[in-house]
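# Analysis of the macromolecular model
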Amino acid sequence: SQQGEEDPQALSIQEGENATMNCSYKTSINNLQWYRQNSGRGLVHLILIRSNEREKHSGRLRVTLDTSKKSSSLLITASRAADTASYFCATPAGANSKLTFGKGITLSVRP
Amino acid sequence: EAEVAQSPRYKITEKSQAVAFWCDPISGHATLYWYRQILGQGPELLVQFQDESVVDDSQLPKDRFSAERLKGVDSTLKIQPAELGDSAMYLCASTPVGVTGEQYFGPGTRLTVT
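Residues numbered from 1 in each chain as written. Chains lettered and ligands numbered in written order. Predicted model: local features only at pLDDT ≥ 70, side-chain atom pairs only at ≥ 80, totals over all residues. Heavy atoms only, no water.

### Thoughts on the overall build of chain B
Across its full length, chain B carries 0 helices and 11 strands. The order of α-helices and β-strands along chain B, N terminus first, is β-β-β-β-β-β-β-β-β-β-β. The globule rule puts the C-alpha radius of gyration for 114 residues at 13 Å, and the 13 Å found for chain B is close to it. With respect to the principal axes defined by its C-alpha atoms, chain B has extents near 40 × 25 × 25 Å. Here chain B holds 114 residues, and the buried ones make up 46% of them. Of all intrachain contacts in chain B linking residues separated by at least 6 positions in sequence, the fraction that spans at least 24 positions is 53%. Across chain B, the mean location of the 10 positive side-chain charges is 7 Å away from that of the 15 negative side-chain charges. (Helix = DSSP H or I, 4+ residues; strand = E, 2+ residues; numbered from the N terminus. Rg over C-alpha atoms; globule rule 2.2 N^0.38 Å. Buried < 20%, exposed > 50% of the residue type's maximum accessible area, 1.4 Å probe, protein only. Contact = heavy atoms within 4.5 Å. Lys, Arg positive; Asp, Glu negative; His and termini not counted. Charge placed at Lys NZ, Arg CZ, Asp CG, Glu CD.)

The structure is reproduced here in structure tokens:
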């Protein structure tokens, strides 16, 4: 079963606009991670936010975490065509804290 | 920059045949993961190794799938016999800091079973 659920499933925006993606999860976590996957490729780690953090920045990325609502958001500012990809949230869960992924959000950035 | 290597990148096989995938993690990474990703879904963990030992294979279909990491370095995932439903991307990942940290993914092997 999947721990994280991303929303929306698909997002299409114009280059230069901001993209906001959301993730909800079910159980307590010690961190939440966001990954990007270009078509037909492996996943690339974008950012990790710990349960005691509320917001984190990395370049054009801003991640927030609300543990009371069990939700996180990923904001990509000033989007570029190269940001076109699928984005996944992932959380450690279970006895071995294995990483479980949501179904992903498909982001299309139109030039 | 060190990367996780996987081969082959693409594999087409007929159902009932055997198929094997290889992964070489980043040097020094003790933990290695094999994931299966069905089109339109997120990756799902098949098996996790810590050095040469299996830590989690609860989602591995053991009647047809096997995985090994004999010397605690590179790893092989095998399917025998392959079924149509095994068509998917098989991803390998590694990490130096345990299961709660960032994972480094290889490019994956796209398997098509006909």
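### Here's the deal with the pattern of salt bridges
Summed over all chains, the structure comprises 5 salt bridges over all chains. Note that Asp83(A) is salt-bridged to Arg60(A), the shortest N-O span being 2.9 Å. Separated by 23 residues along the polypeptide, Asp83(A) in the loop between strand E8 (71–76) and strand E9 (85–93) and Arg60(A) in the loop between strand E6 (55–58) and strand E7 (61–66) bring together distant segments of the chain. Under the relative-accessibility criterion, Arg60(A) is labelled partly exposed at 22%. In this structure, Asp57(B) and Lys62(B) form a salt bridge, with 3.7 Å as the shortest nitrogen-oxygen distance. Take Lys62(B): its relative accessible area is 48%, and that puts it in the partly exposed class. Several salt bridges share partner residues, and in doing so they unite Arg64(B), Glu83(B) and Asp86(B) into one network. (Salt bridge = Lys/Arg side-chain N within 4 Å of Asp/Glu carboxyl O.)

### Considerations on the state of the cysteines
Between two cysteines, a covalent bond joining their sulfur atoms is known as a disulfide. Residues and elements named next belong to chain A. One pass over the full model with this rule turns up 2 disulfides over all chains. In this model cysteine 23 forms its disulfide with cysteine 89; the gap between the sulfur atoms is 2.0 Å. An S-S torsion of about 65 degrees defines the bridge between cysteine 23 and cysteine 89 as right-handed. Residue cysteine 23 is located in strand E3 (residues 19–24), and its partner cysteine 89 is located in strand E9; the two are separated by 66 residues in the primary sequence. (Disulfide = S-S within 2.5 Å.)

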